[in-house]
Amino acid sequence: MIGFKLTPKNRYSVSKLYPIIGGKLFKNFNEIMEHIKNGKLNILIYSFTSLQRDKIAKEIEIINKIKKEKKSTHPILIAGGPHPSGAPNDTLKIGFDFVIVGEGEITLPKIISKLNQNKELNNKIIMGEPINDLDEFDKINPMTPVEITRGCPYKCGFCQTPQIFGNKVRHRSIDNILKSINPNSDVRLITPNAFCYGSETGTKPNIEKLELLLKKLREGKGKLFFGTFPSEVRPEFIQKDTIELVAKYCHNKYLHFGAQSGSDEMLKLIRRGHTVNDVLNGVDLCKDYNLIPKVDFIFGFPNENEFHRKESMELLNYIIKKGGKVHAHYFMPLVGTNFEGSSPTPLDKKTLKTLGQLSQKGLVSGSWSYQRDVQNIQ
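This text gives an overview of the structure that appears in the document. Along each chain, numbering runs from 1 in the same order as the chain's sequence is written. The predicted nature of this model means local features are confined to residues of pLDDT at least 70 and side-chain atom pairs, given and counted, to a pLDDT of 80 or more, with totals for whole chains, interfaces and linings taken over all residues. In computing side-chain values, all of the structure's heavy atoms are included and hydrogens and water are not.

1. Section: helix H1 (residues 11–21)
Accessibility here uses a 1.4 Å probe with only protein chains present; expressed as a share of the type maximum, an area under 20% marks a residue as buried, one over 50% as exposed, and anything in between as partly exposed. Working definition: helices are DSSP H or I runs of at least four residues, strands are E runs of at least two. Numbering for both runs from the N terminus. Burial in H1 covers these residues: Val-14, Ser-15, Lys-16, Leu-17 and Ile-21. Should any heavy atoms of two residues lie within 4.5 Å, those residues are considered in contact. Next to the buried residues of H1 lie strand E1 (2–5), strand E2 (24–26), helix H6 (107–116), strand E7 (146–147) and strand E8 (149–150). Positioned one or two residues after H1, Gly-22 has a phi angle of 80 degrees, which is positive.

See the structure below:
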């Protein structure tokens, strides 16, 4: 038997792999232990983030203890996802047998096939083979929305996406997307930047392809949501022609995009690839088209100072005055990124107080306390 450990944070990963591999989905660790003790589990697959690392490590320690007591090699433990891709050696250290770095749809079945044939694998760390044609993998578990684009050409210093999916953008065809959705249900899609759909480079919109996609999706009976949860858009992609498509075809109340900072200097340091003016333009266009801008900010970047935060708070307040919402995060140095191993900058009392007051009014959401255990992922 092949098993997947399913958590609220890895549903998107598992939804792509489970239809290909099959097996059993485990939501409960006790159920996994029951199958191991009864000798019914041959391969167990985990996908997890850095924030889940310590909890997963404890589970793997328990599993390996049982394996040792039973003098058994089963279950063979395979890991993939954000943390294993960014820190494969650490993932082996906590007790996994094999780690897949990057995409797993092609590579995981090959590994399982070799294991089933008792063939020896040359390496414990295995580079995932990237998918060139997303249409080839259209068996999608209905637990999640349909992924329409994969990969990101930008190199934000805090982001793990390029580490997992690479810099080359790949798009699922419109026909394949239509085949993969339920035309009678509301439609939400997964993409690193909704407005880049159809673009060869992912650096500028392809309006013709974008409109064709939305037009076809709109023919269904459900409501269409685009550029909002669970995906977003980049601020420089918010232009008159892109936002008009949302107004014309979609049922969005919000348009979700990332500012990350209100300081142009900080945006350059984190290699974000856009300016503060791009954010201001996006906010104003949302207002013009009766959309509520929902904007992400990150506080506590390395080398961030009070002047940078002051600029961010000024932009944040501008968004709120325009009727927008803000989602604020505290910087975390994720493994596999340019900022891996760096230390977050503590926030000053004034910033913390202001964010807290805005949160009480329902204008800002998120978590920005630097007391969180960020040291666990350094």
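2. Observations concerning the sheet that holds strand E13 (residues 325–330)
Should DSSP find at least two bridges between two strands, the strands are taken to pair. What the four strands build is an open sheet, ordered E11-E12-E13-E14; its pairing is parallel. Two strands in the sheet have a free side with no partner beyond their single neighbour: strand E11 (254–260) and strand E14 (364–367). Averaged over all neighbouring strand pairs, the angle between strand axes comes to 20 degrees, with direction disregarded. As defined by bridge partners, strand E12 (residues 292–299) adjoins E13 across six bridges and the pair is classed as parallel. Axis angles are defined between N-to-C directions and span 0 to 180 degrees, where every axis is a line fitted to C-alpha atoms and, for a helix, only to the segment in contact.

3. Re the nonpolar core
For our purposes a nonpolar core is just a set of buried Ala, Val, Leu, Ile, Met, Phe, Trp, Tyr and Cys residues, chained together by side-chain atoms within 4.5 Å. Phe-195, Phe-226, Phe-297, Leu-316 and Val-364 are the most contacted members of the largest nonpolar core, which has 61 residues in total. Not counting the four nearest positions on each side in its chain, Phe-195 is found in contact with Pro-205, Leu-210, Phe-226, Val-233, Phe-237, Ile-238, Thr-242, Val-246 and Leu-255.

4. Quick look at the sheet that holds strand E6 (residues 125–127)
The six strands lie next to each other as E2-E1-E3-E4-E5-E6, forming an open sheet whose pairing is parallel. Bordering the open sheet on either side are E2 and E6, each of which pairs with just one other strand. Strand-to-strand twist across the sheet, computed as the mean angle between neighbouring axes with direction ignored, equals 25 degrees. Pairing of E1 with strand E3 (residues 43–47) involves three bridges; the strand directions are parallel. Each bridged residue has a counterpart across the sheet, and for Phe-4 the counterpart in E3 is Ile-45.

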